[in-house]
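Okay, here's what each chain looks like letter by letter:
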Amino acid sequence: MGAEEDQQNEEPRGKSISQAQFVSWKRQKDADASARKEEAARKRAQDIAAGTVQMNGRELFLHEPWVFDNTHY
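Draft legend 1. Looking closely at the packing of aromatic side chains. Throughout the structure, instances matching the rule amount to 2 aromatic pairs. When the centroid spacing of 5.6 Å and the interplanar angle of 40° are considered together, the rings of F22 and W25 count as tilted. In this pair, F22 and W25 are both assigned in helix 2 (residues 19–50), 3 residues apart and thus about one turn of the helix distant. A ring pair is formed by F61 and F68, whose centres lie 5.5 Å apart and whose planes are at 65°; its orientation type is edge-to-face. Here F68 falls in the partly exposed class, since its relative accessible area comes to 39%.

The following block contains the structure:
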């Protein structure tokens, strides 16, 4: 009875990986995330240039700084 309970309570363990395998996986994951982020930024810049999306404050300041010129007041 005790041996059966011990076997049922044990969680199945996944496949062990080496540190080199983990580092390789982590670098690949980071590279993929970086590529996705760069692609999203490039697409956003294209959409802003085309005028298809609304700019946030920072983007507006960078692309149209005359909007924030207070010398006329």
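Still to come is the rest of the account.
Draft legend 2. Up close: a nonpolar patch on the surface. A cluster of nonpolar residues, F61, L62, W66, V67 and F68, forms a patch on the protein surface that exposes about 580 Å² of accessible area. Take V67: its relative accessible area is 38%, and that puts it in the partly exposed class.

Cut-offs and rules
- Residues numbered from 1 in each chain as written.
- Predicted model: local features only at pLDDT ≥ 70, side-chain atom pairs only at ≥ 80, totals over all residues.
- Heavy atoms only, no water.
- Phe/Tyr/Trp six-rings, centres within 6.5 Å; stacked < 30°, edge-to-face > 60°.
- Helix = DSSP H or I, 4+ residues; strand = E, 2+ residues; numbered from the N terminus.
- Buried < 20%, exposed > 50% of the residue type's maximum accessible area, 1.4 Å probe, protein only.
- Patch = residues over 30% accessible without salt bridge, like charges linked within 9 Å, V, L, I, M, F, W, Y side chains within 5 Å.
- Areas by Shrake-Rupley, 256 points an atom, 1.4 Å probe, with all protein chains shown as cover.
- Salt bridge = Lys/Arg side-chain N within 4 Å of Asp/Glu carboxyl O.

The quantities given are spatial measurements derived from coordinates; they are silent on function.
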